[in-house]
Amino acid sequence: MLEVRHLKKSFGGLTVLKDVSLRVNQGDVTAIIGPSGSGKTTFLRCLNLLEKADEGELVFDGQTYDLGHVSRRDIAAIRMRTGFVFQNFNLFSNKTALQNVTEGLIIARKMKKDEANAVAMQALGQVGLSDRAAYYPSQLSGGQQQRVAIARAMATKPDIVYFDEPTSALDPELIGEVLAVMRDLAASGMTMLVVTHEMRFARDVSNHVVFMEGGVIAEEGSSREFFANPREERTRAFLRSISEENR
């Protein structure tokens, strides 16, 4: 469904992504893990054209795009079929939960307000927030705000959803409610690419794991095999360090 080939990205003299290639099949839940500064978030942002790559190709449902020279029209076409969930929610503080979900439907997709409201209420129901539709972000917990952000992404009926460390800005007691929604999405067959520090999610929910370090994919494989028998010593060291932190 989606394949990226030889993606490269630098900021000034700093090379963040050196030569990254990855294939994602329909229905895959791919977890991207690795130490801070390894390029995980930049990789995700380049895939959704929030950052412009220096080089690389994106093959999306049979259509090939040159990421180094992508047009505005192509950017719009790609984003029409993708959803993005940010680390820090990115909700409009002056709009209700319902309005945050309908904004993109009405403005970008030219949907009539009544139809957008119906779609948004369905999406809020999907994340367990039908009763919070009229609440503003300041009236919601961090976990609820992130669930609104997930509903906003899901309302557009995307082919794939990108999650950029969706639980890292949350207090520990709120992480579970967001992960539960993501588990439900995975069980429904949604294709997901998730940058995460949650190893339990990566092991138990994803079917494919990618370990990034230093701007490259150092190792990848099926989730079961990756955690049971990591091939690279650097991967083993990273997993040991995460295990020790969680004790």
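Residues numbered from 1 in each chain as written. Predicted model: local features only at pLDDT ≥ 70, side-chain atom pairs only at ≥ 80, totals over all residues. Heavy atoms only, no water.

## A word on unusual backbone geometry
Reasoning step 1: A positive phi angle is found at Asp 61, which is not glycine, with a value near 50°.
Reasoning step 2: Its location among the elements puts Asp 61 in the loop between strand E4 (55-60) and strand E5 (63-66).
Reasoning step 3: Phi is positive for Lys 157, close to 55°, though the residue is something other than glycine.
Reasoning step 4: Of note, Lys 157 is situated in the loop between helix H5 (142-155) and strand E7 (160-164). (Helix = DSSP H or I, 4+ residues; strand = E, 2+ residues; numbered from the N terminus.)

## Examining the packing of aromatic side chains
Reasoning step 1: Per the stated rule, a full pass over the model turns up 4 aromatic pairs.
Reasoning step 2: An angle of 75° between the planes, with centres 5.3 Å apart, marks the rings of Phe 226 and Phe 227 as edge-to-face.
Reasoning step 3: The class for Phe 226 is buried, based on a relative accessible area of 2%.
Reasoning step 4: One aromatic cluster is present, formed by Phe 84, Phe 86 and Tyr 162 through successive ring pairs.
Reasoning step 5: Its end group placed over the ring of Phe 11, Lys 9 keeps NZ or CZ at 4.8 Å from the ring centre.
Reasoning step 6: Seen from the ring of Phe 60, Arg 81 lies directly overhead, with NZ or CZ sitting 5.0 Å from the centre. (Phe/Tyr/Trp six-rings, centres within 6.5 Å; stacked < 30°, edge-to-face > 60°. Buried < 20%, exposed > 50% of the residue type's maximum accessible area, 1.4 Å probe, protein only. Lys NZ or Arg CZ within 6 Å of the ring centre and 35° of its normal.)

## Things to note about the nonpolar core
Reasoning step 1: In terms of nonpolar packing, the biggest core is built from 41 residues, with Leu 124, Val 148, Ile 150, Phe 163, Met 182, Met 192 and Phe 201 touching the most fellow members.
Reasoning step 2: No other element matches the 8 residues that helix H6 (residues 172-187) contributes to this core.
Reasoning step 3: Residues within four places of Phe 201 in sequence aside, it is in contact with Val 29, Leu 179, Met 182, Met 192, Val 194 and Ser 206.
Reasoning step 4: Residues Leu 2, Leu 58, Leu 67 and Ile 78 belong to the second largest nonpolar core, which totals 30 residues. (Core = buried A, V, L, I, M, F, W, Y, C linked by side-chain atoms within 4.5 Å. Contact = heavy atoms within 4.5 Å.)

## Looking at the sheet that holds strand E8 (residues 191-195)
Reasoning step 1: Reading across the sheet, the 6 strands line up as E6-E7-E8-E3-E9-E10 and stay open at both edges, with mixed pairing between neighbours. Of all the strands in the sheet, the pair left with one neighbour each is strand E6 (82-85) and strand E10 (216-222). Looking at each pair of strands side by side, their axes are set apart by 15° on average, direction ignored.
Reasoning step 2: This element, H6, spans strand E3 (29-33), E7 and E8 of the sheet and lies at about 145° to E8. (Pairing = 2+ DSSP bridges. Axes fitted to C-alpha atoms, helices over the stretch in contact; angles between N-to-C directions.)

## Examining the sheet that holds strand E2 (residues 14-24)
Reasoning step 1: Read across the sheet, 4 strands follow the order E2-E1-E4-E5 without closing on themselves; strand pairing throughout is antiparallel. The open sheet is flanked by E2 and E5, the only strands paired with a single partner. With direction set aside, neighbouring strand axes in the sheet form an average angle of 20°.
Reasoning step 2: Relative to E5, E4 is paired through 4 bridges, and the arrangement is antiparallel. The residue bridging Leu 58 from the neighbouring strand is Tyr 65, located in E5.
Reasoning step 3: Sitting on the sheet, helix H1 (residues 40-47) touches strand E1 (2-11), E2 and E4, and the angle it makes with E1 is about 120°.

## Brief notes about the pairing of E3
Reasoning step 1: Most of E3 sits inside the fold, with 5 of its 5 residues counted as buried.
Reasoning step 2: The alternating pattern of E3 places Val 29, Ala 31 and Ile 33 and Thr 30 and Ile 32 on opposite faces, both of which are buried.
Reasoning step 3: Judged from the 4 bridges that link them, E3 and strand E9 (residues 208-213) form a sheet pairing that is parallel. Bridge assignment links Ile 32 to a residue of E9, and that residue is Val 210.

## Some remarks on the pairing of E2
Reasoning step 1: Of the strand pairs in this sheet, E1 and E2 are connected by 7 bridges, and their pairing is antiparallel. Bridge pairing in E2 places Leu 2 opposite Val 24.

## Details of the environment of Ile 33
Reasoning step 1: Along the chain, Ile 33 turns up in strand E3.
Reasoning step 2: Judged by its relative accessible area of 0%, Ile 33 is buried.
Reasoning step 3: Remark: the alpha-carbon pair of Ile 33 and Ile 217, spanning 184 residues in sequence, is separated by 9.9 Å.

## So, the pattern of salt bridges
Opposite charge on two side chains makes pairing possible when the charged atoms of those side chains draw close.
Reasoning step 1: For the coordinates displayed, the defined rule picks out 15 salt bridges.
Reasoning step 2: Measuring nitrogen to oxygen at the nearest pair gives 3.3 Å for the salt bridge that ties Arg 23 to Glu 3. Taken together, the residues span a long stretch of sequence, with Arg 23 in strand E2 and Glu 3 in strand E1 at a distance of 20 residues.
Reasoning step 3: Across the pair Asp 61 and Arg 81 runs a salt bridge whose closest N-O atoms are separated by 2.7 Å. (Salt bridge = Lys/Arg side-chain N within 4 Å of Asp/Glu carboxyl O.)

Spatial relationships are all this shows, so hold off on functional conclusions.
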